[in-house]
Structures are given as structure tokens and as C-alpha cells.
Amino acid sequence: MAPALLTAVDSTSHIHLIVGSNPLAGARCTRSIEVGAKPFLVAPEDASLHYGLSKRIEEGEVEWMKRAFRDSDLTTLGRDEVDHVVDAVFVTLGGKNPLSTHISSLCRRLRIPVNVADAPNLCTFTLLSTHSDGPLQIGVTTSGKGCKLSARIRREIASSLPSHLGAAVERLGTIRRRIWEEDHAVELSMDLEAEEEDGGQSSTFNKLITPEDIEAAKTRRMRWLAQICEYWPLRRLAAITDADVETALRSYSTSSTSGLSPTAIDNRKKRGRIILAGSGPGHPDLLTRATHKAILSADLILADKLVPSPVLDLVPRRTTVYIARKFPGNAERAQEELLAMGLEGLQAGQNVVRLKQGDPYIYGRGGEEFDFFRAHGWTPTVLPGITSALSAPLFAAIPATHRAVADQVLICTGTGRKGAAPDPPAYVESRTTVFLMALHRLAALVESLVGDEKKGWPKSTPCAVLERASCPDQRVIRTTLEFVCAAVEEEGSRPPGLLVVGKACGVLWSGRQRWVVEDGFKGLDVVEDGIGELMSELEIGEGPRQG
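What counts, and where the lines are drawn
Residues numbered from 1 in each chain as written. Predicted model: local features only at pLDDT ≥ 70, side-chain atom pairs only at ≥ 80, totals over all residues. Heavy atoms only, no water. Helix = DSSP H or I, 4+ residues; strand = E, 2+ residues; numbered from the N terminus. Contact = heavy atoms within 4.5 Å. Areas by Shrake-Rupley, 256 points an atom, 1.4 Å probe, with all protein chains shown as cover. UniProt positions renumbered as here; feature names shortened; annotations may be inferred. Core = buried A, V, L, I, M, F, W, Y, C linked by side-chain atoms within 4.5 Å. Buried < 20%, exposed > 50% of the residue type's maximum accessible area, 1.4 Å probe, protein only. Patch = residues over 30% accessible without salt bridge, like charges linked within 9 Å, V, L, I, M, F, W, Y side chains within 5 Å. Salt bridge = Lys/Arg side-chain N within 4 Å of Asp/Glu carboxyl O. Pairing = 2+ DSSP bridges. Axes fitted to C-alpha atoms, helices over the stretch in contact; angles between N-to-C directions. Parallel < 35°, antiparallel > 145°, perpendicular 65-115°, else oblique. Nonpolar A, V, L, I, M, F, W, Y, C, P; charged D, E, K, R; others polar. Right-handed = clockwise from strand over helix to strand, strands pointing away.

Trainee: Tell me about the overall build of the protein, residues and numbers included.
Mentor: Along the protein, the regular secondary structure elements total 18 helices and 18 strands. The long-range share in the protein, meaning contacts at least 24 apart out of those at least 6 apart in sequence, stands at 61%. Total accessible area on the protein is roughly 31400 Å²; 53% of this is exposed by carbon and sulfur atoms.

Listed below in C-alpha cells is the structure:
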């Protein structure tokens, strides 16, 4: 089978006929609109339409012919300039439908491009899986052998490309056009899209360009552009700016060089970057690999006060670490100080890691910090962390959800903005509620729950105070809302901690005492012991051999 001829078709103002009303028909209409075509949908009036397709019809982007397909549709719905013949036909009914075969035969006879879903033998063209970035378009086809595979290949290709490559293509196109306008003003009528790639390169393509004669001087900029497009790394091309375009054009007007330094352009990749990373509940083994890599590559780490020392011990000695000086009454000022230090580090070209306890977006002000840095020209990379709201109950043998006991989880804050008390939720028997940042005002919180009849919280509701989850000094106080305040007052506080309330607290534990205290964490010992045993076996296996 000969390979297909891949082309890029300018579909502006074309008429695309889509037959069918299924979700694929909606996708075909959307794609037609994206490329500037006008889609006509042929489907019975009683057809069930996808919501998105119905919306496009209501907005006038798609014209719905509320009837069955007619043979005359192919030669009457098109543009005036092509004698009303439609430009392309998309049949979404599938290859087994007799109408699909009929429409395909008609289109072949009239030389109208036709695509039939899941029937390569009925198609005269197939759609590519495309990646678009401004003027840059990359298409992948498996010639009807598997659309899922072509989409996978396209994603792999797109992920390997540097960011902003589409903008670089636009800028290089600007250079190319302006060179033509300045050096070939007489030849502006030539087709600027004609490329010389198929004609091959002459033996003097890489020869040193000198302005020894008029013709060489006339073409040197275009040859320079061809050379950088051919040989510069894509990441360097993606780093070209509008200022570089002006520099190149201006320099070549007065000298034989471009005025662009590859080294200077490459150094721009060293521009500072900011990462918002979650450090998890506390144990360093619970860091994600991505966050661990970020810590090892950081120049500056701005850490929350609650990030435990075992995590900070992973920071290389060469890295500067600053711990937030947050305490009651100074939280806002400390936050502003952290943001200012982060911005200063970015401006100095440093890799800045904002290390946050738990997950950055679970009561970690991660969204605010993202917005701050983006507003100043740096878009952060956000790395998730294991939130203590879900992991702390796990380490305390509390399943947040359990059949016939708890079918929902609610995460709340115990402290609002500027220390204000938030409005607590109403009691739901099948819900597990987790209160973060609540232990310093536990008495007021409990009173707002059990003291408000409208909230409906029974005093006998099981609860647990979980402190320093996953750390060696983890502590769990199991009790009920009636005795939790007395328990914390007697046992003392060991921040950071949280409060879990709900019947799930009694699923794997039950007791008649007013409260029970459990100290210590050994939840990962079995993993560490297993690794130790494996290493011992490997050492034994690698011992000297005896003949």
C-alpha cells in the first residue's frame, strides 16, 4: 500500500457536511469550526444531540438540516464559487450502515473528499491527530490502523518539544518575510510558502558567507536564516524574542553578522524558576519523587515553619534555606517576606522551591502564591503533596470512608482569615469531617458544634486528635466531642495537629474510656525492614564464590 499524500488544507469558508448526530458528529463540527469552515449537520429532527453540539446550533455556528440525508445535499449546500458542491463530507454512522457506503460512492463519483468513521475502505482521506501551537501544526496518522495509537504518538512528540516553539516559528516567519521585503522587493509576488527542501542543498550551503559581490550580499540574510533553522537546537530557537528579530535585521543591514549570540540566548534558559511543592504529612519517605528532585536541585528553599526537620535534612548544604517566621499576629507579614525573598531569588536567576506542609492547595495558600508569582512574570510549577487531612486518619487507623458508616469526607479549616472563627458545617451522620488548624481554638470550635442545635452535632460523636502524623513522635487521642477539650487540656498540645470527627473514628477502634492516648509511629517500619532484608540478601548473594 502506497503512503498517503499528507497536505494542509486551507478550509476557510469551506462547507463541511456532517452526517449523524452522535458525539463524534459534534467533534467533527467543532473541528470544522476551528479551521474556519462552516459545518452543515444532517440528522433527523427527532435525533438526540450532544449538549455541546446543541449549544453550537443555538449560537448559529452549526446549521442543522432537520431531515435525513439527500443525494442532492452534496451539490446544493456548497459555496457559490464551486457551483454549490460541498468541500468535504464526514459520515459518523459507521461502516456497517448502508447509507455510509452509498454516500461514499456518491462522493467518489463527484470527487468530493469523504471520511467515514471506522471504515478506512470507504474514506478518501483521514484526519490526523494534530498538535497545534500557533502557526506550528504537527499531524500524525496511522493510516486508519488505530486512532488511539496515533493520538499516543502525537502526545509523545508534543511532550518532547520545548515550550513557546510556536511563538518562535511566528518570529522566524516574521524575519523571513521582512528579509524578502527588504532584499527582494521586486519579487514580492513570488509564493513565499514555496520551500526549497525538496530541491536539495547545494555543495556551498555551509560555505562561509562573505559580501564579496552584490548577489552574495543580497542573499546572505536568507541563507543565515536557513542555517539557524537547520542547525540551532529547538530550545535555542524557542528562546528567540522580538528584540532578537529586530537585532538580527538591523545588524545585517550594516554588517555581515546577525548580532545574535547563541551563548547569550542559551543563557536565558537559566532564568529563575519557582516551584510550589508539598512536603506531605511529615515523614521524608512520603515525599513525592518530584518534590525530592526539586529539593535537591534548588538554590533557595522557602519552607513553612511546620515542615519537619527530617524533610529539611534532605536539603543539600549548598542550598540556602529560609524558614517562615509565622506566629500569631505576624502571619501576613511573614507571608509577604517569603514572597519578596522568592521574587528576589527569581530575579537573580535562582531555582526557588516554596516548600509547604501537606499539599500546596489544601489550606496552604498555594493559589495565592501562584497568582503572585505569575503576576510578576514567573509561572510556578506546582507539585502535589500527600495532605495530612487524608493521610493522618490513615496512620491513626481511621478509614475516612467505610461502607455503611461514612460515604463522604469534608475538609474544613478551624481558623478563618485573620484568625476569625469560620462557620462550622452541619452534622451529617454518614460524613467524616476533618478540621485543619483547629487545635489552638478547640474549645470554641467544639462549642460551635455541640452548642448549636441547628448544627445537630451529638456530644457522643467519636473524634480523634491527630498530631505530628507520620513522625516518630506522632500522637493520637481517641475520644468524643464531649471529652475532647478536657483530653487535650490534660495531655497538652503537640502541633501540628488536626481534628477528625465522625463515626469512622470508631470503625477500627472501640473503647469505653473517656479518652485513650497512643504515642509513636511505626507505620513505615515494615517497608524499611523489608528493604534492609533485601539489601542483606543482595550482600550475601554477591559474596566470594568457592569452587
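Trainee: Which residues make up the UniProt feature "domain: Siroheme synthase central" (unreviewed entry) in the protein, and what values do they have?
Mentor: Under the local residue numbering, the UniProt record ascribes the feature "domain: Siroheme synthase central" (unreviewed entry) to residues 133-159. Between the C-alpha atoms that bound residues 133-159 the distance is 12 Å, and the span itself is 48% helix and 22% strand.

Trainee: With reference to specific residues and values, describe the nonpolar core.
Mentor: L17, F69, L74 and V89 are the most contacted members of the largest nonpolar core, which has 21 residues in total. Elements that contribute at least two residues to this core include exactly β1 (15-19), β2 (38-43), β4 (88-91), α4 (98-110) and β5 (114-116). With residues near it in sequence (within four places) discarded, L74 still touches L17, F69, H84, V85, V86, V89, L106, C107, L110 and I112. Listed in part, the 19 residues of the second largest apolar core include C412, A438, L439 and L449.

Trainee: Please give an account of a nonpolar patch on the surface that cites residues and values.
Mentor: On the surface, L149, I153 and I157 cluster together to form a nonpolar patch covering roughly 230 Å² of accessible area. Locating I153 in the fold gives a position in helix α5 (residues 147-160). Of the residues examined, I153 reaches a relative accessible area of 33% and is grouped as partly exposed.

Trainee: Go over the sheet that holds strand β8 (residues 273-278), please, and point to the residues and values.
Mentor: Strands sit in the order β10-β9-β11-β8-β12 across an open sheet of 5 strands; the sheet is parallel. With partners counted over all chains shown, the strands left at the sheet margins are β10 (320-323) and β12 (381-383), one partner each. Strand after strand, the sheet turns through a mean of 20 degrees between neighbouring axes, direction not considered. Pairing of β8 with β12 involves 3 bridges; the strand directions are parallel.

Trainee: Before we move on, could you go through the sheet that holds strand β13 (residues 408-413) and cite the residues and values that matter?
Mentor: With respect to topology, 6 strands assemble into an open sheet ordered β13-β14-β17-β15-β16-β18, the strand pairing being mixed. Two strands in the sheet have a free side with no partner beyond their single neighbour: β13 and β18 (516-519). Each neighbouring strand pair of the sheet contributes to a mean axis angle of 20 degrees, computed without reference to strand direction. The sheet contact formed by strand β15 (residues 462-467) and strand β16 (residues 475-480) spans 6 bridges and is antiparallel. Each bridged residue has a counterpart across the sheet, and for L466 the counterpart in β16 is V476. On top of the sheet, helix α15 (residues 388-395) reaches β13, β14 (431-436), β15 and β17 (497-501); it is set at about 75 degrees to β17, its chief contact. Those strands touched by helix α17 (residues 484-491) are β15, β16, β17 and β18, and its axis lies near 145 degrees from that of β16.

Trainee: Run through the packing of helix α16 (residues 442-450) against α17, naming residues and quoting values.
Mentor: At a closest axis distance of 10 Å, the pairing of α16 and α17 adopts a crossing angle of 170 degrees. Taken as axis vectors, α16 and α17 run roughly antiparallel relative to one another. When α16 is examined against α17, the residues L442, A443 and V446 are found in contact with a partner set consisting of V484, C485 and V488. Its residues assigned to classes, the contact of α16 with α17 comprises 6 nonpolar, no polar and no charged.

Trainee: Can you explain the pairing of β1? Please cite residues and give values.
Mentor: Buried residues dominate β1, accounting for 5 of its 5 residues. Burial along β1 is two-sided: I15, L17 and V19 and H16 and I18, pointing in opposite directions, are all buried. Direction of pairing for β1 relative to β2: parallel, over a ladder of 5 bridges. What sits directly across from I18, in β2, is L41. What joins β1 to β2 is helix α1 (residues 23-34), and the crossover it makes is right-handed. For β1 and β4, the ladder comprises 4 bridges, and the chain directions are parallel. What sits directly across from L17, in β4, is V89.

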